Amino acid sequence: MVRVRFAPSPTGYLHIGNARTALFNYLFARKNNGKFILRIEDTDKERSKKEYEEALIVDLKWLGIEWDEGPDIGGEYGPYRQSERIEIYREFADKLLKEGKAYKCYCTKEELEERNRKAIEEGKSPGYDNRCRNLTEEDIKKFEREGRKPVLRLRVPEKIIKVNDLIRGEVVFDSKVIPDFVIMKSDWTPTFNFAVVVDDYLMKITHVIRGEDHLSNTPKHILLFEAIGAPIPQFAHMSMTLGPDRTRLSKRHGATSVMAYREDGYLPEAFFNYIALLGWGTTESREIFTKEELIQEFSIERCNKASAIFDPEKLLWMNGYYIRKTPISRLVELSLPFLKKAALVEENPDEEKIKYLEKVIILEQERIKKLSEVPELIEFFLKEPVYEENAVKKYLDEKGKKILSEVYPVIEKIEDFSREKIEEVIRRFCEEKGYKTSHVFHPIRVAVSGRTKGPGLFEMMEVIGKERVLKRIENVIRGREE
Ligand code: GLU
């Protein structure tokens, strides 16, 4: 039974790189009919915040990643928040101490720093010198009397450690370069490395899929699995996510949190699709996949060792693709929060308003790349247009206004205000008067919408409705300043 976990530390908002780790674990679990576990690694009391944990859960759910066990839903191997498991780590620590596999170290931070400084001065490599490995009872008593609070260190055996990584192949480490490292801090809470291993063991994790930045911790983890007598899971270290300029993805590349993309109007299915394909691909060069298809296609073996490049332009393109494919009723639903925020739609729009929004948004659907663009694109359907200065100068000059006054009664006479009929009547008007269509269409468009760009003129007029179209044209003829 495959069991994998996503183990974020709630010290910030869910980052694209982390979302990718979560997604790969999720796809791997679903593909193998296994379990996907969410575990919150909040042992760093200073940096961990409840609000980040909550935001993380919101973002993961938004992405469409469901877990089988986790802090919010429980499960057989809980609790799933490390801060609630301290006693468990203490038991493991006591056992290692009793067995002599770990020992208490009484060196103070200052002493360690001083020794490191000296080592560097003498051209030696810094790092713990295993000084407290063989303390006598007397030494210990003396330190205890001095009130020193010990940490617990693993007694690192001398050996070659091989990691059979599913993505990177065999990676070999020599334990000589690993000093006896801390597993319990002086407040007798676990270090990150120790908690991870105890939890992966107790939660019966079979595959550890995580970022390459954790590869250097892996020999320590293997030593710890061996020390507590646990089976060693399979490892897969995913390549890092870089920005288009091939430097590590950071604020410089724009938004890096999932939340920022959500708030900017990306569709979860587009985000899921794009992130899931970062760093691996199917044999075909296909790019659009549903969640189900991604689960079917996913393969750890096909993950690249090379870094993945996050390209925001590509994501934007994919988002536009998904928006164009979205049924209009859902697109309206997704756009509502953005329209409310822009104060273009009231808090609880009625049925009629929703129907109207469907008619409006469908006209722009082809052009929308992200939902945050919707308010600006459709603003003039919902309130009086804001007239663009250049458009007014160019098209609502004397000549434009004259044409508008001539076309006004023609429009007024249209009984069936449908796009086909409007088009027919206005084209006939142009012919009869000998006007170039553009000389008529542009002033009408600007008068009705305030701008030169937008959806097709006749469908736009139909949706705005005869009464409002006439009113806007009339306002322009009369001069808006009146
Ligand atoms: N809590 C670690 C992190 O957020 C993940 C540890 C792991 O996956 O083993 O980077």
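Residues numbered from 1 in each chain as written. Predicted model: local features only at pLDDT ≥ 70, side-chain atom pairs only at ≥ 80, totals over all residues. Heavy atoms only, no water.

Caption draft 1: Inspection of the nonpolar core at higher detail. Counting residues in hydrophobic clusters, the biggest one holds 109 residues, and the most contacted among them are Ile378, Phe381 and Ile444. At nine residues, the largest contribution of residues to this core is made by helix α1 (residues 16–31). Aside from chain neighbours lying at most four places away, what touches Phe381 is Tyr356, Val360, Leu363, Pro455, Met460, Val463, Ile464 and Arg468. Counting residues in each nonpolar core, the second largest holds 37 residues, with Ile86, Phe173, Val198 and Ala230 among its members. (Core = buried A, V, L, I, M, F, W, Y, C linked by side-chain atoms within 4.5 Å. Buried < 20%, exposed > 50% of the residue type's maximum accessible area, 1.4 Å probe, protein only. Helix = DSSP H or I, 4+ residues; strand = E, 2+ residues; numbered from the N terminus. Contact = heavy atoms within 4.5 Å.)

Caption draft 2: Fine view of the site of the ligand. Near the ligand the following residues occur: Arg5, Ala7, Pro8, Ser9, Glu41, Phe192, Val196, Arg210 and His214. Arg5 is positioned with one of its side-chain polar atoms (N or O) 2.8 Å from an oxygen atom of the ligand. Here His214 contributes a side-chain N or O atom positioned 2.8 Å from an oxygen atom of the ligand. Protein chains shield 84% of the accessible area of the ligand, which is 300 Å² for the free molecule. In terms of residue class, the shell around the ligand is built from four nonpolar, two polar and three charged. (Near = heavy atom within 4 Å. Polar contact = N/O pair within 3.5 Å; in protein donor to acceptor, adjacent residues only side chain to side chain. Areas by Shrake-Rupley, 256 points an atom, 1.4 Å probe, with all protein chains shown as cover. Nonpolar A, V, L, I, M, F, W, Y, C, P; charged D, E, K, R; others polar.)

Caption draft 3: Representation of the sheet that holds strand β7 (residues 182–184) within the structure. Read from one edge to the other, the open sheet built from three strands follows the order β3-β4-β7, with strand pairing classed as antiparallel. Single-partner strands in this sheet number two, and they are β3 (102–105) and β7. Neighbour to neighbour, the strand axes of the sheet diverge by 45 degrees on average, direction disregarded. The pairing of β3 with strand β4 (residues 151–154) spans four bridges and is antiparallel. (Pairing = 2+ DSSP bridges. Axes fitted to C-alpha atoms, helices over the stretch in contact; angles between N-to-C directions.)

Caption draft 4: Spotlight on the pairing of strand β8 (residues 207–211). In terms of burial, β8 is largely enclosed, as five of its five residues are buried. Here five bridges tie β8 to strand β9 (residues 234–238), and the two strands are oriented parallel to one another. Of the residues in β9, the one forming a bridge with Arg210 is His237. This β-α-β element, β8 to helix α7 (residues 218–227) to β9, shows right-handed connectivity. (Right-handed = clockwise from strand over helix to strand, strands pointing away.)

Caption draft 5: Looking closely at the packing of aromatic side chains. On inspection of all chains with the given rule, the structure shows 16 aromatic pairs. Consider the rings of Tyr261 and Tyr266, whose centres lie 5.0 Å apart with planes at 75 degrees: the pair is edge-to-face. For the residue pair Tyr261 and Tyr266, the accessibility class agrees, reading buried in each case. For the pair Tyr321 and Tyr322, a centre-to-centre distance of 5.8 Å together with 85 degrees between the ring planes defines the contact as edge-to-face. A connected cluster of aromatic rings, assembled from ring pairs, spans Trp62, Tyr261, Tyr266, Phe271, Tyr274 and Phe310. Its end group placed over the ring of Phe181, Lys220 keeps NZ or CZ at 5.3 Å from the ring centre. The aromatic ring of Phe289 is capped on one face by Arg286, whose charged end is 4.2 Å from the ring centroid. (Phe/Tyr/Trp six-rings, centres within 6.5 Å; stacked < 30°, edge-to-face > 60°. Lys NZ or Arg CZ within 6 Å of the ring centre and 35° of its normal.)

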